[in-house]
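# Reading the structure
Residue-level listing of the chains:
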Amino acid sequence: GYSQSIVVTEDFVLRMPANLDPAAAAPLLCAGITTYSPLKHWKVGPGQKVGVVGLGGLGHMAVKFAKAFGAHVVLFTTSESKVADAKRIGAHEVVISKDEKQMAAHAGTFDFIIDAVSADHDINAYMNLLKRDGNLTLVGAPEKPLPVAAFPLLMRRRSLSGSLIGGLPE
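The following paragraphs examine the structure supplied in this document. (Residues numbered from 1 in each chain as written. Predicted model: local features only at pLDDT ≥ 70, side-chain atom pairs only at ≥ 80, totals over all residues. Heavy atoms only, no water.)

## Here's the deal with the nonpolar core
Note the threshold: Here, the term nonpolar core denotes a set of buried Ala, Val, Leu, Ile, Met, Phe, Trp, Tyr and Cys residues that are joined through side-chain atoms within 4.5 Å. Categorising residues by exposure relies on relative accessible area from a 1.4 Å probe, with only protein chains included: less than 20% of the type maximum marks a residue as buried, more than 50% marks it as exposed, and the intermediate range marks it as partly exposed. Helix and strand definitions follow DSSP, with helices as H or I runs of at least four residues and strands as E runs of at least two, each counted in order from the N terminus.
Ranked by size, the top nonpolar core spans 24 residues in total, and within it Leu-39, Val-44, Val-52, Val-63 and Leu-75 carry the most contacts. Only α1 (22-41), β1 (49-53), α2 (57-68), β2 (72-77) and β4 (110-115) provide two or more residues apiece to this core. At 6 residues, α2 tops the list of elements feeding residues into this core.

The structure is reproduced here in structure tokens:
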């Protein structure tokens, strides 16, 4: 991450191709694997509707990967200023999460949602967007615990999971 030098066992060193800009590749080794791993674990692919909550570094990578895997990608943001950027990087739709009508229009329609927000937010609003057997995975890490209501999980056999990073094989 932030070191100028480090001593490490060679089994944990990744060689970067000389023609690859380290500044451009660095996000793949952090936000990239953090979002890639749960998307692959939950088998995101063609025919699925995937939500991405938040368009920071993690959210950018999640949108790009979900689109590349063939999913229909919907970005959720509180900021209208991020709509154009989200569409430019691959989101099919953008929902302003403060707009109750926009949120309600997507109730019960998502196979998978990846939550990349590290600020306090209402996770229950996103749980209600999942289909039966849908999953919401946290990759953002809010400072305070997020209260989760039981009934949105129970009523449609939805699940909530978390993922920190992936391994070298991924």
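## Here's the deal with the layout of surface pockets
As a reminder of what qualifies: Cavity and pocket criteria rest on a 1 Å grid covering protein atoms alone: a 1.4 Å probe that fits but cannot get out defines a cavity, protein on both sides within 12 Å along at least 5 of 7 lines defines an open pocket, and an atom within 4 Å of a point defines a lining residue. Grid points are joined across faces, edges and corners, and a volume is the space filled by probe spheres set on the points. Residues are grouped as follows: nonpolar covers Ala, Val, Leu, Ile, Met, Phe, Trp, Tyr, Cys and Pro; charged covers Asp, Glu, Lys and Arg; every other residue, Gly included, is treated as polar.
Here the second largest pocket defines a volume of roughly 400 Å³. In terms of lining, the second largest pocket is formed by 14 residues, of which the most central are Leu-14, Leu-29, Ile-33, Gly-167 and Leu-168. With 6 residues, α1 is the largest single contributor of residues to the lining of the second largest pocket. Tallied by class, the residues present in the lining of the second largest pocket amount to 10 nonpolar, 3 polar and 1 charged.

## Side note on the sheet that holds β1
The line we're drawing: What makes two strands pair is DSSP finding at least two bridges between them. In this description, a line fitted to the C-alpha atoms serves as the axis of each element, helices being fitted only across the stretch in contact, and the angle between N-to-C directions of two axes falls anywhere from 0 to 180 degrees.
Here we have 6 strands laid out as an open sheet, ordered β3-β2-β1-β4-β5-β6, and parallel in their pairing. Here the strands that pair on one side only, and so sit at the sheet edges, are β3 (93-96) and β6 (159-162). On average, each strand axis in the sheet is tilted by 20° relative to the strand beside it, whichever way the strands run. Bridge count for β1 against β4 is 4 bridges, and the pairing is parallel.

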